[in-house]
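Given next are the chains, with one letter for each unit.
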Number of protein chains: 4
Amino acid sequence: MIFSGAYARGRAQEQLSDRAFVTAMLDVEVALARALARAGLASVAAAEELASACADASSFDVEAIGATVAANGTPVPGLLAAIRDRVSAEAGAALHRGATSQDVVDTAIMLLARRALEPVIADLTGACHACAELARRHRDAVMAGRTLLQQAAPITFGLKAAVWLDGLASVRGELVSVCVEVLALQFGGAVGTLAVLDERGLDVGAELARELGLVQPPMPWHTIRVRPARLAGSLGTALGTMAKVARDVTLLAQTEVAEASEQAGAGRGGSSTMPHKRNPVGAIAVLACAQRGPGLVAAVLGAMVQEHERAAGAWQGESGALLELLSLTGSAAASLREALELLEVDPARMRENVDELVMAESVVTALGGGAAANKIVQAAVRAAWNERRPLRDVLFEQPEVAARLGGDGLERALDPAAYLGVAGQLIDRTVAAFEQGQR
Amino acid sequence: MIFSGAYARGRAQEQLSDRAFVTAMLDVEVALARALARAGLASVAAAEELASACADASSFDVEAIGATVAANGTPVPGLLAAIRDRVSAEAGAALHRGATSQDVVDTAIMLLARRALEPVIADLTGACHACAELARRHRDAVMAGRTLLQQAAPITFGLKAAVWLDGLASVRGELVSVCVEVLALQFGGAVGTLAVLDERGLDVGAELARELGLVQPPMPWHTIRVRPARLAGSLGTALGTMAKVARDVTLLAQTEVAEASEQAGAGRGGSSTMPHKRNPVGAIAVLACAQRGPGLVAAVLGAMVQEHERAAGAWQGESGALLELLSLTGSAAASLREALELLEVDPARMRENVDELVMAESVVTALGGGAAANKIVQAAVRAAWNERRPLRDVLFEQPEVAARLGGDGLERALDPAAYLGVAGQLIDRTVAAFEQGQR
Amino acid sequence: MIFSGAYARGRAQEQLSDRAFVTAMLDVEVALARALARAGLASVAAAEELASACADASSFDVEAIGATVAANGTPVPGLLAAIRDRVSAEAGAALHRGATSQDVVDTAIMLLARRALEPVIADLTGACHACAELARRHRDAVMAGRTLLQQAAPITFGLKAAVWLDGLASVRGELVSVCVEVLALQFGGAVGTLAVLDERGLDVGAELARELGLVQPPMPWHTIRVRPARLAGSLGTALGTMAKVARDVTLLAQTEVAEASEQAGAGRGGSSTMPHKRNPVGAIAVLACAQRGPGLVAAVLGAMVQEHERAAGAWQGESGALLELLSLTGSAAASLREALELLEVDPARMRENVDELVMAESVVTALGGGAAANKIVQAAVRAAWNERRPLRDVLFEQPEVAARLGGDGLERALDPAAYLGVAGQLIDRTVAAFEQGQR
Amino acid sequence: MIFSGAYARGRAQEQLSDRAFVTAMLDVEVALARALARAGLASVAAAEELASACADASSFDVEAIGATVAANGTPVPGLLAAIRDRVSAEAGAALHRGATSQDVVDTAIMLLARRALEPVIADLTGACHACAELARRHRDAVMAGRTLLQQAAPITFGLKAAVWLDGLASVRGELVSVCVEVLALQFGGAVGTLAVLDERGLDVGAELARELGLVQPPMPWHTIRVRPARLAGSLGTALGTMAKVARDVTLLAQTEVAEASEQAGAGRGGSSTMPHKRNPVGAIAVLACAQRGPGLVAAVLGAMVQEHERAAGAWQGESGALLELLSLTGSAAASLREALELLEVDPARMRENVDELVMAESVVTALGGGAAANKIVQAAVRAAWNERRPLRDVLFEQPEVAARLGGDGLERALDPAAYLGVAGQLIDRTVAAFEQGQR
């Protein structure tokens with residue numbers, strides 16, 4: 001679709017094409033042939049004949065293989081037939097020995113996931129660096145902290161960027177773990193016993209896992225779909241976290257707020273008649289991708305209820321959802337990274353936007369807290385709001401305030417920059433932890 | 001994806017390609033030009049120049065248009081530029097007048113939906129006819145009714161097929177209504193006021209709706225997504241209903257049940273070494289498609305929360321989910337129709353499979369019901385189960401049973417064919433209602 | 001949960017308690033006894049004895065019945081035992097005759113749905129009236145139309161309120177239809193044949209439907225879950241539409257926008273130290289409820305794949321999701337109605353917030369459109385933006401603008417109130433259609 | 001609801017009541033007071049006064065607190081008012097110092113999750129032990145392996161049980177990790193700066209985390225919802241895995257298969273008139289709970305898109321979904337454990353059910369594989385199927401088979417027990433790993 005095309009951005013997409021899928025299946029078949037040879041169950045010559053016949057994935061007709069899927073329910077028989085057409089009978093006999101179609105498809109999807117996650121992780125790393133840079137540069141840029149979309153108390157833009165960094169670094173780390181721990185070989189034969197290989201199945205599996213650089217799991221997982229579920233869950237969590245950051249960007253970019261915008265580059269998010277319009281197109285693309293996440297994760301989880309040794313429908317429905325999730329995560333990561341790298345922040349506007357009423361809590365604290373202080377400030381805030389007068393003027397008219405704080409004390413209590421608690425500490429340690437590679 | 005390729009079956013797919021999407025957008029632009037001309041807001045010459053420039057959709061470069069989406073967030077500016085390259089300045093000025101990109105995309109998707117639903121409805125009609133035929137042919141074929149996957153009481157295969165027909169006819173009817181009532185024109189301009197057309201916007205909209213054969217809604221629905229939600233809900237309901245039928249087919253096809261199978265045609269669902277294996281590939285494809293339904297409907301519903309006059313992300317994320325739903329529904333309908341048309345039923349095996357214990361309730365009724373009758377039958381059933389003896393023998397040893405029913409009466413009470421209640425009535429009226437076009 | 005307690009608002013909740021559920025099941029059993037009596041299959045005395053034994057639902061021990069559910073998988077056997085304890089043997093024999101547990105539970109849930117939808121529809125009607133009133137009162141109140149969270153072109157608040165009305169009236173109408181067409185009797189006995197009633201099942205069903213005021217469906221729908229799916233879809237669509245309105249309210253209530261707020265009543269959404277803070281608590285409650293909608297609809301759709309004559313798990317998992325959806329829709333409707341009835345709008349602030357740059361498109365139109373006009377205005381807008389000068393001043397320095405429009409013409413072209421297209425027409429007809437009961 | 005009541009099983013439920021939620025919030029407030037005291041920001045006397053005022057959670061009026069939620073959007077202000085009523089002004093001033101409502105609610109939910117997960121993990125451990133026992137006992141019990149619901153090749157019931165163990169041990173381990181790594185303190189004050197505590201916020205947070213035994217996160221996670229998302233994902237994965245096991249149990253328990261049943265205890269899953277009916281009620285309860293999982297995980301993921309420093313709606317909607325997920329996982333684990341502990345396996349029936357045609361692949365292998373062997377066996381299988389004769393007889397008529405294998409060799413090739421590959425190895429190492437605590 002031209003529209004998914006719109007959001008199919010970033011290098012991950014290349015790893016998720018039909019061509020890439022065929023390549024991954026070929027990689028599995030070749031690795032299996034070599035594993036069999038190493039276990040003495042096929043000749044080295046047969047394995048190498050298969051390897052060279054499969055070396056050029058672009059020589060296989062992806063559409064023709066696709067056309068065989070409806071009758072078989074999987075692309076593997078079609079692929080095997082295409083390979084057998086190219087090799088000797090001996091090599092053909094060694095091909096796919098011991099495996100079932102699902103072994104090849106599941107393992108190929110694990111390979112695709114690993115290949116697609118590499119650029120995803122790179123883009124998330126880039127997005128983290130952009131946040132770290134924003135956090136450092138604007139460490140002390142005071143702005144309104146907002147709760148329930150209302151100004152509540154002051155923060156710094158550095159803190160906001162560090163919160164983003166915290167979230168993005170966390171999901172980035174999770175995806176790195178997924179690559180190492182979750183992505184695994186599938187190899188069990190028709191019903192998980194590898195009976196065709198007699199008692200040598202686990203040895204061949206070990207060689208095959210080594211060949212492909214994947215974990216050898218303790219048990220085939222044909223109908224135990226914990227691995228796809230974890231992959232999906234991590235992708236969904238990454239999409240949700242990226243969307244939080246993107247949501248903040250779109251809110252900061254509102255005409256009435258105007259505290260940040262994606263730098264309008266050549267034709268980016270602009271409008272021919274409205275140069276003031278700087279649509280945050282990167283952030284919007286992230287939000288559009290993330291919109292799809294929860295439903296796709298639900299599809300993968302819903303597909304876990306698989307019958308007996310291999311499932312009738314649920315397995316066949318899972319792969320599309322997983323690959324779509326990988327594609328959307330890739331698009332979102334590429335878009336977010338770009339949006340953050342281009343983010344233009346207006347600290348002056350941030351400071352201007354801070355409503356002085358957000359300092360009420362601070363004045364109460366300065367007055368020593370407690371019911372009495374609270375009452376004075378409440379009355380003053382209400383008067384300032386109703387009469388549209390500056391809060392400081394109203395407060396200074398209160399004898400107790402004047403007496404207790406004096407002009408300077410009141411000024412200090414009303415200064416947002418002096419009411420930031422541990423914002424600086426949080427920023428510094430979050431940025432440092434990321435940059436020192438601890439996250 | 002080669003895998004979605006696998007399930008992208010049926011004629012609906014042709015209506016959901018990038019090419020079809022560009023065609024639909026061109027249709028909208030041409031219809032708008034003609035509507036403007038009819039309202040006196042453009043010249044007939046300009047409208048007809050546009051119409052001929054857009055007549056051959058295949059002359060537009062779909063990939064090039066797709067490449068413009070990332071920067072603009074929609075394919076419309078890229079498409080407009082391609083059209084303007086082909087026409088005079090006057091025609092170019094009339095092009096797209098009054099509309100916003102979302103008007104074109106939303107309306108194009110409505111057109112695609114209508115075009116894709118046509119073959120979907122045809123396939124559902126075919127599936128209904130297949131069920132009606134099965135219901136009629138096997139009206140009196142006794143089989144076990146099963147609850148909680150346990151045999152419970154007798155039914156006929158005719159009743160099962162009529163229940164399938166009831167469900168499929170219902171969702172078929174709902175999709176027909178959707179075409180007529182839900183699919184509507186979108187036309188509101190930038191913020192829903194059609195300000196560019198001054199006070200003539202609604203007149204142009206009326207002409208445009210007529211031109212496209214779509215409902216003119218009372219109000220633009222840029223951010224009121226009830227129409228997409230209804231379309232999605234109906235598609236999701238159709239998928240779920242088809243999956244219920246498919247689930248029954250896979251259960252009946254189990255080796256141990258063997259009451260029905262998808263007729264193994266040339267290579268269909270077969271296995272080279274296991275000719276006894278008749279994988280119900282059509283039913284499995286339906287189940288695989290349906291696995292994706294709930295999550296996609298959730299995505300469309302989740303995208304309803306759209307900001308102000310046009311949304312930042314939610315709208316952009318909705319279309320992919322809608323089109324995927326249409327594609328899956330199309331595949332499922334094509335697969336289910338084929339599976340039902342090929343369904344081979346084994347009434348003898350059905351009768352054999354009926355466990356005589358399912359007649360216990362019938363014997364209680366024959367004995368006049370009540371606590372005493374119940375107690376007698378319970379004891380007999382338990383004895384038959386424990387001693388693995390025929391229930392009739394155990395029952396006949398009971399003096400009260402022999403006295404009250406006699407041999408013939410007991411035989412009758414144990415005859416599943418005599419304990420079918422209104423099964424025949426339900427079948428007849430369901431088949432008749434469908435065939436008389438009342439559903 | 002104390003939290004769902006928080007959002008369990010409105011009168012619908014009373015219809016969704018355990019007590020209400022027991023009441024509904026009693027209503028079904030009593031109606032069945034009367035239907036049997038009317039069909040001559042039970043004595044009137046037995047039916048009336050059952051009716052009086054069940055008349056006081058509060059005399060049944062809900063917790064005790066609940067405690068029987070785990071062993072049976074349904075509350076019906078426990079309920080029947082409790083009724084039989086109260087009646088004669090004859091009445092006990094008539095009780096539940098012909099029905100299966102699922103008949104009672106499904107029908108009871110349909111009754112609950114109808115009872116809960118009544119206040120939901122009333123609250124939606126109230127919310128529609130509030131919108132109509134807002135639309136009429138602020139018909140000409142100019143404000144910024146916003147797309148992608150950026151100001152785009154002028155609208156009126158009346159139009160925004162009319163758009164809300166359009167959406168709410170639409171989902172209100174859909175729920176009315178659901179009550180009439182979707183909510184139906186379930187009555188099929190163990191496997192759908194009503195065999196216990198021999199050939200009289202459909203007659204009894206007709207009486208039973210009449211007794212309960214529900215549709216008699218053409219076929220039992222034990223495993224064809226189109227009705228629950230439609231109910232769920234309509235509730236999900238209603239939640240999504242309400243959330244769109246609520247989202248707009250929260251955005252308008254932002255400190256920096258301040259165009260509307262939920263009138264802060266006694267302690268409502270206020271904060272002791274921050275009287276300027278007027279948290280839109282009603283709108284937030286709507287958004288919180290709606291957050292749950294898509295996943296619950298997905299659960300109901302996912303539960304459609306039910307085996308054979310009655311399902312093993314999917315049916316049992318469906319009811320909780322349906323009742324939760326009803327409860328959330330009830331809460332959301334009550335909260336939204338209140339929020340809209342309390343909505344305080346600030347038309348002066350709306351007008352002030354309109355950025356003059358949104359009039360660029362209007363000036364182009366006034367200059368006659370086309371490439372030349374476009375170029376002039378683009379340059380002017382860019383200059384105004386960069387130099388932070390009023391657009392009108394920059395434009396008036398352009399000889400062509402001055403010559404062509406003059407001061408008055410330019411003033412008119414820059415007047416948002418003169419660039420509203422069909423906003424007034426749309427408002428008037430939407431309000432009129434609603435108030436004349438056409439929607 | 002009486003129905004959720006039905007599925008609200010196991011000890012986890014006690015930890016998820018309103019009462020338990022109030023208790024957890026009280027625990028947070030007391031721990032905070034002590035942390036403040038330890039940091040020198042409150043007196044030890046005040047902290048201990050608060051601790052004794054809150055010691056008896058049952059003395060708080062849960063309903064009254066619940067009634068305050070609608071106005072405030074959270075139960076915390078109502079709870080604080082109830083505590084302040086009981087303590088001196090000094091203690092009242094120390095109460096909740098530095099915290100915001102969301103700090104208390106989020107942390108309380110983390111405590112509830114930890115408390116509810118303890119029995120969940122215990123039940124999963126019990127279920128694992130039951131699987132290990134089944135795997136060991138039936139290590140060599142041959143049965144049909146089934147793919148796409150068709151018999152495919154032999155396995156043992158030991159292998160099936162070991163596959164279940166593999167899945168359950170994996171999700172059990174994941175939930176243990178969640179308790180240790182994911183469940184964390186929330187403490188950030190109004191906007192994450194802890195400004196009320198000046199620069200001491202992180203010190204107080206460290207003490208508070210220690211007091212509660214929770215991780216102190218690097219940053220408040222008010223709007224970074226990775227932790228709730230991970231918790232939800234793990235619960236959803238656990239539900240899906242349990243449902244796979246339960247699905248297998250219901251399929252094995254089918255009347256026509258009858259290889260396993262949940263031992264019908266006193267009234268468990270039985271039917272008064274059908275003693276042959278042994279409804280697998282435990283497995284069905286698991287499936288019913290799992291039906292809700294994907295949609296609830298989707299709700300939590302969909303709620304990740306939270307605005308600025310604290311969210312308007314998404315946060316408020318998340319907690320209900322999380323607590324529901326915990327409750328359903330608790331019910332499912334309790335039901336599954338019971339079902340597996342009661343599982344009655346019929347190895348004789350398993351062996352009987354094996355269709356000899358599943359040995360075709362084995363004969364091909366015995367004949368040396370390759371095209372010729374394949375062709376012979378194919379023809380024989382087809383003949384056996386069509387003529388309903390024993391495969392061995394047909395094969396033995398083939399001269400090549402007789403010559404090559406002889407009677408004994410053919411017998412061996414047709415023996416399912418001799419064609420089990422690495423089944424035994426997989427069972428042994430999976431059981432050993434679990435029992436040695438490596439999983």
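About the thresholds
- Residues numbered from 1 in each chain as written.
- Chains lettered and ligands numbered in written order.
- Predicted model: local features only at pLDDT ≥ 70, side-chain atom pairs only at ≥ 80, totals over all residues.
- Heavy atoms only, no water.
- Helix = DSSP H or I, 4+ residues; strand = E, 2+ residues; numbered from the N terminus.
- Rg over C-alpha atoms; globule rule 2.2 N^0.38 Å.
- Buried < 20%, exposed > 50% of the residue type's maximum accessible area, 1.4 Å probe, protein only.
- Contact = heavy atoms within 4.5 Å.
- Areas by Shrake-Rupley, 256 points an atom, 1.4 Å probe, with all protein chains shown as cover.
- Lys, Arg positive; Asp, Glu negative; His and termini not counted.
- Charge placed at Lys NZ, Arg CZ, Asp CG, Glu CD.
- Least-squares fit on C-alpha atoms with pLDDT ≥ 70 in both.
- Buried area = accessible area lost by both parts, 1.4 Å probe.
- Salt bridge = Lys/Arg side-chain N within 4 Å of Asp/Glu carboxyl O.
- Expected span 1.5 Å × (residues − 1).
- Polar contact = N/O pair within 3.5 Å; in protein donor to acceptor, adjacent residues only side chain to side chain.
- Disulfide = S-S within 2.5 Å.
- Core = buried A, V, L, I, M, F, W, Y, C linked by side-chain atoms within 4.5 Å.
- Axes fitted to C-alpha atoms, helices over the stretch in contact; angles between N-to-C directions.
- Parallel < 35°, antiparallel > 145°, perpendicular 65-115°, else oblique.
- Left-handed = near helix turned anticlockwise from the far one by under 90°.
- Nonpolar A, V, L, I, M, F, W, Y, C, P; charged D, E, K, R; others polar.
- pLDDT = per-residue confidence, 0-100.

Trainee: Help me out: how do you make sense of the overall build of chain A in this one?
Mentor: Broken down by element type, chain A carries 19 helices and four strands. For 439 residues, the compact-globule estimate of 2.2 N^0.38 gives 22 Å, and chain A exceeds it by more than 25% at 29 Å. Dimensions of chain A, computed from C-alpha atoms along their principal axes, come out at roughly 100 × 50 × 40 Å. For chain A, the proportion of its 439 residues judged to be buried stands at 67%. Within chain A, contacts between residues at least 6 apart in sequence are counted, and of these 77% link residues at least 24 apart. Of the accessible surface of chain A, which amounts to about 13600 Å², a share of 49% is contributed by carbon and sulfur atoms. Side-chain charges in chain A split into 40 positive and 50 negative, and the spacing between the mean points of these groups amounts to 4 Å.

Trainee: What is the right way to read the relation of the copies chain C and chain B from this model?
Mentor: Between the two copies of the chain lies a rotation about an axis combined with a shift along it. You can overlay chain C on chain B at an RMSD of 0.0 Å; the transform is a turn of 180° with a shift of 0.0 Å along its axis. In the structure described here, the two chain copies are related by an operation that fits a two-fold rotation axis.

Trainee: Could you clarify how one ought to interpret the interface of chain C and chain B in this entry?
Mentor: Chain C puts 76 residues into the contact, and the matching count from chain B is 76 residues. Across the chain C to chain B interface the summed buried area is about 6500 Å²; carbon plus sulfur atoms make up 66%. When residues of chain C are sorted by the area they lose upon contact with chain B, Leu202, Met219 and His308 of chain C head the list and together hold 12% of the total. Counting across the interface, chain C meets chain B through four salt bridges. For Arg230 of chain C, the salt bridge is made with Glu174 of chain B, and the minimal N-O distance between the two is 2.3 Å. For the side of chain C that touches chain B, the elements supplying multiple residues, two or more each, are strand S1 (142–147), strand S2 (150–156), helix H9 (157–182), helix H10 (201–212), helix H11 (226–252), helix H12 (281–302) and helix H19 (423–435) of chain C. The element best represented in the side of chain C that touches chain B is H11 of chain C, accounting for 13 residues.

Trainee: Explain the pattern of salt bridges here, please?
Mentor: When charged atoms on two side chains of opposite charge get close, those side chains can pair. Residues and elements named next belong to chain A. In the structure shown here, the tally under the stated rule is 108 salt bridges over all chains. In this structure, the salt-bridge partner of Asp248 is Lys160, at a minimum N-O distance of 3.8 Å. Remark: Lys160 occurs in helix H9 (residues 157–182) and Asp248 occurs in helix H11 (residues 226–252); sequence separation between them is 88 residues. The exposure class of Asp248 is buried, given its relative accessible area of 1%. A network of salt bridges, in which partner residues are shared, links Arg38, Glu207, Arg210 and Glu211.

Trainee: How should I be thinking about H9 of chain A in this particular structure?
Mentor: Structural remark: α-helix, 3.6 residues per turn; residues separated by three or four positions point the same way. Between the first and last C-alpha of H9 of chain A there are 36 Å, a value that for 26 residues agrees with the 38 Å anticipated at 1.5 Å per step. Burial of H9 of chain A is extensive: 21 of the 26 residues sit out of reach of the surface.

Trainee: Would you explain the interface of chain D and chain A in this entry?
Mentor: Interfaces are frequently sized by the accessible area removed from exposure as the parts join. Contacts between chain D and chain A engage 76 residues on the former and 76 residues on the latter. At the boundary of chain D with chain A, total buried surface from both sides reaches about 6400 Å², with 66% on carbon and sulfur atoms. Taken together, the connections running from chain D to chain A amount to four salt bridges. Of the charged contacts in the structure, one is a salt bridge between Lys160 of chain A and Glu309 of chain D, with a shortest N-O distance of 3.1 Å. Across the contact surface, chain D and chain A share 28 residue pairs in polar contact (both at pLDDT 80 or more).

Trainee: Mind showing me how you'd approach the state of the cysteines here?
Mentor: In a disulfide, the sulfur atoms of two cysteines are covalently bonded to one another. Under the definition given, this model contains zero disulfides over all chains. Lacking any disulfide linkage, Cys289 of chain B is separated from the closest cysteine sulfur, that of Cys131 of chain B, by 17 Å.

Trainee: What is the right way to look at helix H2 (residues 18–38) of chain B in this model?
Mentor: All names here are of chain B. The end-to-end C-alpha distance of H2, which contains 21 residues, comes to 30 Å, matching closely the 30 Å that a straight helix rising 1.5 Å per residue would cover. The element H2 is extensively covered by neighbouring structure, given that 15 of its 21 residues are classed as buried. One or two steps after H2, the chain reaches Gly40, where phi turns positive at roughly 75°.

Trainee: Any chance you could explain the nonpolar core here in plain terms?
Mentor: In this structure, Phe157 of chain A together with Phe157 of chain D are the most contacted members of the largest nonpolar core, which totals 338 residues. Within the second largest apolar cluster, 337 residues are counted, among which are Leu426 and Val431 of chain B together with Cys131 and Leu410 of chain C.

Trainee: Before we go on, may I ask you to explain the packing of helix H2 (residues 18–38) of chain C against helix H6 (residues 76–84) of chain C in this structure?
Mentor: A pair of packed helices is characterised by two quantities: the angle between their axes and the separation of those axes. Residues and elements named next belong to chain C. At a minimum axis distance of 11 Å, the contact between H2 and H6 shows a crossing angle of 65°. Regarding the angle of H2 to H6, the classification is roughly perpendicular. Seen along the crossing, H2 lies across H6 with a hand that is right-handed. Note on element contacts: H6 touches H2 through Val76, Leu79, Leu80 and Ile83, opposite Val22, Met25, Leu26 and Glu29. Its residues assigned to classes, the contact of H2 with H6 shows seven nonpolar, no polar and one charged.

Trainee: Even after reading the chapter, I still don't get the side chain of Gln306 of chain D, so can you show me in this structure?
Mentor: Structurally, Gln306 of chain D is set in the loop between helix H12 (281–302) and helix H13 (314–341). You can call Gln306 of chain D buried: its relative accessible area is 0%. Beyond its immediate stretch of four places on either side in the chain, Gln306 of chain D contacts Lys244 and Asp248 of chain A together with His222, Thr223, Arg225, Ala311, Ala314, Trp315 and Glu318 of chain D.

Trainee: Explain the packing of H2 of chain B against helix H10 (residues 201–212) of chain B to me, please; I cannot follow it from the model alone.
Mentor: Residues and elements named next belong to chain B. Running from N to C, H2 and H10 cross one another at 130°; their axes reach a closest spacing of 8 Å. The angle between the axes of H2 and H10 places the two elements in the oblique class. In terms of crossing hand, the pair formed by H2 and H10 is right-handed. Counting all contacts with H2, which are made through Asp27, Val28, Ala31, Leu32, Arg34, Ala35, Leu36 and Arg38, the residues of H10 involved are Val204, Glu207, Leu208, Glu211 and Leu212. Grouping the amino acids of the contact of H2 with H10 by side-chain chemistry returns eight nonpolar, no polar and five charged.

Trainee: I'm lost on the confidence of the model for chain A in this one. Help?
Mentor: Low-pLDDT portions of the prediction should not be read for the details of their coordinates. In this model, chain A carries a mean pLDDT of 93, and residues with pLDDT of at least 70 account for 95%. Across the assembled chains, the prediction reports ipTM 0.96 with pTM 0.97.

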